Structure formats: C-alpha cells, structure tokens
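# Notes for the structure review
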Amino acid sequence: MDKSYFDISEEIQLAIENQKPIVALESALISHGLPYPENIYVAQSSINTIRENGSIPATIAIINGRIKVGLSNDDIKTLSENSNVEKISKHNLANSLNNNNHGTTTVASTIYLAANLGIKFFSTGGIGGVHLNVENTFDISSDLRELSKTPICVVCSGAKSILDLDKTFERLETLGISRIGFQTDYMPGFWYYQTNKKVDHNYTTINELTNYLKIRENLKLDGSVLLFNAIPKDKAIDKKLVQEWINISIKKAKKNLIEGKELTPYLIREINNLSKNKTLEANKELIICNATLAAKVAANYKKI
Ligand code: PSU
Ligand code: MN
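Our subject in this report is the structure included herewith. (Residues numbered from 1 in each chain as written. Chains lettered and ligands numbered in written order. Predicted model: local features only at pLDDT ≥ 70, side-chain atom pairs only at ≥ 80, totals over all residues. Heavy atoms only, no water.)

### Here we look at a nonpolar patch on the surface
Together, Ile215, Leu219 and Leu221 make up an exposed nonpolar region whose accessible area comes to about 300 Å². Positionally, Leu219 belongs in helix α10 (residues 206-219). The exposure class of Leu219 is exposed, given its relative accessible area of 57%. (Patch = residues over 30% accessible without salt bridge, like charges linked within 9 Å, V, L, I, M, F, W, Y side chains within 5 Å. Areas by Shrake-Rupley, 256 points an atom, 1.4 Å probe, with all protein chains shown as cover. Salt bridge = Lys/Arg side-chain N within 4 Å of Asp/Glu carboxyl O. Helix = DSSP H or I, 4+ residues; strand = E, 2+ residues; numbered from the N terminus. Buried < 20%, exposed > 50% of the residue type's maximum accessible area, 1.4 Å probe, protein only.)

### Things to note about the layout of surface pockets
Within this model, the largest pocket holds a volume of roughly 540 Å³. Lining the largest pocket are 29 residues; nearest its centre among them are Lys87, Thr106, Ser141, Lys160 and Thr264. Listed by contribution, the elements that provide at least two residues to the lining of the largest pocket are α2 (28-33), α8 (142-149) and α12 (263-274). Class assignment of the residues belonging to the lining of the largest pocket gives a composition of eight nonpolar, 15 polar and six charged. (1 Å grid on protein atoms, 1.4 Å probe; cavity = no way out; pocket = protein on both sides within 12 Å on 5 of 7 lines; lining within 4 Å. Points joined across faces, edges and corners; volume = space filled by probe spheres on them. Nonpolar A, V, L, I, M, F, W, Y, C, P; charged D, E, K, R; others polar.)

### So, unusual backbone geometry
Residue Pro37 follows Tyr36 across a cis peptide bond; omega there is 0°. As for its position among the elements, Pro37 is in the loop between α2 and α3 (38-52). Unusually for a residue other than glycine, Gln183 sits at a positive phi of about 55°. Inspection of the secondary structure assignment puts Gln183 in the loop between β9 (178-182) and β10 (201-203). A relative accessible area of 49% places Gln183 in the partly exposed class. If you check the backbone angles, Asn277 has positive phi at about 75° while not being a glycine. Judged by relative accessible area, Asn277 falls into the partly exposed class, the value being 38%.

### As for the site of ligand 1
Within the structure, ligand 1 sits among 17 residues, and Glu26, Lys87, Ser141, Asp143 and Lys160 are positioned closest to it. Residue Lys160 places a side-chain N or O atom 2.8 Å away from an oxygen atom belonging to ligand 1. In the complex, 95% of the free accessible area of ligand 1, which totals 480 Å², lies under the protein chains. When each cavity is represented as a set of grid points, ligand 1 is found to reside in the largest pocket. The set of elements that each furnish at least two residues to the shell around ligand 1 consists of α2 and α12. (Near = heavy atom within 4 Å. Polar contact = N/O pair within 3.5 Å; in protein donor to acceptor, adjacent residues only side chain to side chain. Sits in = over half its atoms within 2 Å of the grid points.)

### Topic: the pairing of strand β4 (residues 66-69)
Covered by surrounding structure in β4 are Ile67 and Val69 only, the residues Arg66 and Lys68 on the alternate face being uncovered. With four bridges connecting them, strand β3 (residues 56-63) and β4 associate as antiparallel partners. Bridging across to β4, Ile63 finds its partner in Arg66. Following β3, the chain reverses through two residues before pairing antiparallel with β4; Asn64 in that reversal takes a positive phi of roughly 50°. (Pairing = 2+ DSSP bridges.)

Have a look at this one:
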C-alpha cells in the first residue's frame with residue numbers, strides 16, 4: 001500500500017517495525033455510534049485500557065484527507081464535536097482523501113488499513129451485518145465482505161442488536177469468517193448477553209486462544225476471526241426489551257425514509273432515547289471491555 005497517504009505516529013511506526021503488540025480501533029464509533037461527550041470518554045478509555053494491558057493503541061481516522069494512525073487528543077476532540085464528519089467505509093475512502101475531508105472509519109475500512117500495515121488485532125463494539133428487512137432493502141454491511149478477505153482478529157460483542165443476527169451469523173459462515181467465543185458458547189447479542197447461535201469454539205483461556213490464532217496464521221487463512229466477548233452479565237439488557245425498542249425505531253426510520261449508511265446511526269440514537277440511555281451505558285461498557293481483551297490477547301500473542 002502507498003504509505004504517502006498515511007500519517008502514522010512515531011510510536012506506532014516503531015511498534016510495527018519491532019513487531020510489538022498493537023490493537024487497531026475504528027473511529028466511526030466516535031462520530032456516528034456514540035453521542036458527545038460519551039464518545040470522547042469511550043475513545044480515550046479504550047486507548048488507556050489497551051496501554052494498561054500491554055499493547056499499543058492505534059485509532060484510525062481521516063484527518064484533512066490524510067489517513068491518520070494513532071490519533072491525538074485534539075484529533076479525537078475534533079471528530080467527536082464536529083457533526084458533519086463523514087462515515088468512511090471502503091466505497092468512499094479514496095474520495096475522502098481526494099476532498100481533504102475529515103472522516104471516521106468503520107470496521108470495514110479500519111481493518112483494511114490496519115491489516116495492510118501489518119496489524120493483527122482490532123477491537124470494536126459490534127460489527128455491521130445483515131439488516132432486518134434485507135429481502136426488500138439488500139442492506140448488508142460491507143464489514144462482512146471485508147472480514148471475509150482480511151486476516152485480522154476482531155474482538156467484538158457480536159453484531160449490533162439492530163441487525164438480523166440469525167442471518168448475519170449464517171452469512172459469516174458462508175464467508176469463511178471464524179466465529180470464536182471467549183468464555184461464551186453463544187454469539188453475544190451486543191446490548192443483550194447472548195443469542196441462541198452456537199459459536200464454532202469457545203476458548204476459555206488466552207493461551208489456548210493464542211495457539212489457535214498462530215495455527216490460523218500459519219495456514220494463511222484469508223478471512224478474519226471474530227472473537228466474541230459478551231457484555232458483562234450485570235450490565236447486559238434484557239433481550240425482549242431491546243427487541244421492543246428496535247421494532248419501534250425501525251418503524252420510525254421507515255416513516256422518515258432513513259436508509260443506507262444513515263440507518264445504523266439513526267437506529268442507535270433512537271433506541272438510546274427509548275431506553276433512557278440504558279443502551280448507551282451498555283455500549284460504553286462493552287466497547288471498553290473488548291479493547292481490554294484485545295490488548296491482553298495481542299500482548300500474549302507476541303510473547304508466545
Ligand atoms: N458499533 C457500534 N456503533 C457503530 C458501529 C459499530 O456500536 O456505530 C459502526 C461501525 O463502524 C460499523 C458500522 O463498521 O457501524 C457499520 O455500518 P453499516 O451498517 O452502515 O455498514
Ligand atoms: Mn448499510
């Protein structure tokens with residue numbers, strides 16, 4: 001990849017050269033997933049916990065048309081306060097560089113960029129997937145396509161609850177994406193503790209998990225590993241309650257003709273209002289827990 005489009009922090013550049021453990025983080029969460037000022041809190045807490053657990057954080061975003069790897073506090077502030085920052089996936093990545101824009105990267109574009117730099121771990125809240133009502137809209141996140149092509153370990157709490165999680169789970173298998181639980185037998189439901197979809201394997205220790213990741217790397221398997229980390233039980237929201245809020249919000253989105261890349265952020269905002277910030281609290285918790293686990297696994301992977 002042409003490095004002339006990148007501004008990589010010195011710390012991360014050195015870490016790449018010296019094969020130190022690095023965890024990449026997306027930035028679409030900051031501008032489109034969480035409201036201000038919680039977005040700043042989550043972005044910085046994720047960075048802090050990655051450091052505290054032995055790895056180097058690499059948050060990725062587009063700043064003035066440059067791909068920035070390793071955001072400063074000022075960058076995070078800019079992206080979190082500015083309401084017209086564009087959500088950048090694969091299809092609009094080159095355009096945002098050409099237009100000198102600020103942009104925040106989704107799972108799809110972040111793992112694409114991170115893996116090309118040699119980064120092996122990534123952490124987020126929930127991946128995108130197959131939307132409800134897909135038979136009419138064909139709305140399937142390009143996260144899935146990218147996960148099928150990118151060798152990286154993605155720590156997440158499943159796919160976002162607003163999606164069709166059954167169809168998303170099936171599609172993951174079709175695409176050769178491994179669905180691995182960390183101390184869970186079932187794919188988590190993001191804001192709720194678990195779905196009824198059984199994972200390919202449940203690893204209960206980081207050492208066993210690391211061995212597995214090494215085998216995958218040696219086999220040169222091309223897709224990602226989704227490492228599912230459920231929200232702590234005492235912070236999880238009741239599944240039925242979540243589904244009620246989703247139904248109400250989807251009806252409202254249809255009425256207001258919200259679609260395409262606006263749909264995910266719109267639903268998250270609406271459900272947050274309906275839940276009186278309960279989903280926001282859950283979201284904050286799980287993102288930070290996932291960053292912590294990713295840092296531990298990345299650090300262990302480099303040791304063995
Ligand atoms: N997880 C969240 N909130 C988000 C996202 C993930 O808790 O906003 C973002 C991620 O960046 C993910 C994107 O890649 O939503 C998927 O959007 P779409 O469905 O438009 O592909
Ligand atoms: Mn979409």
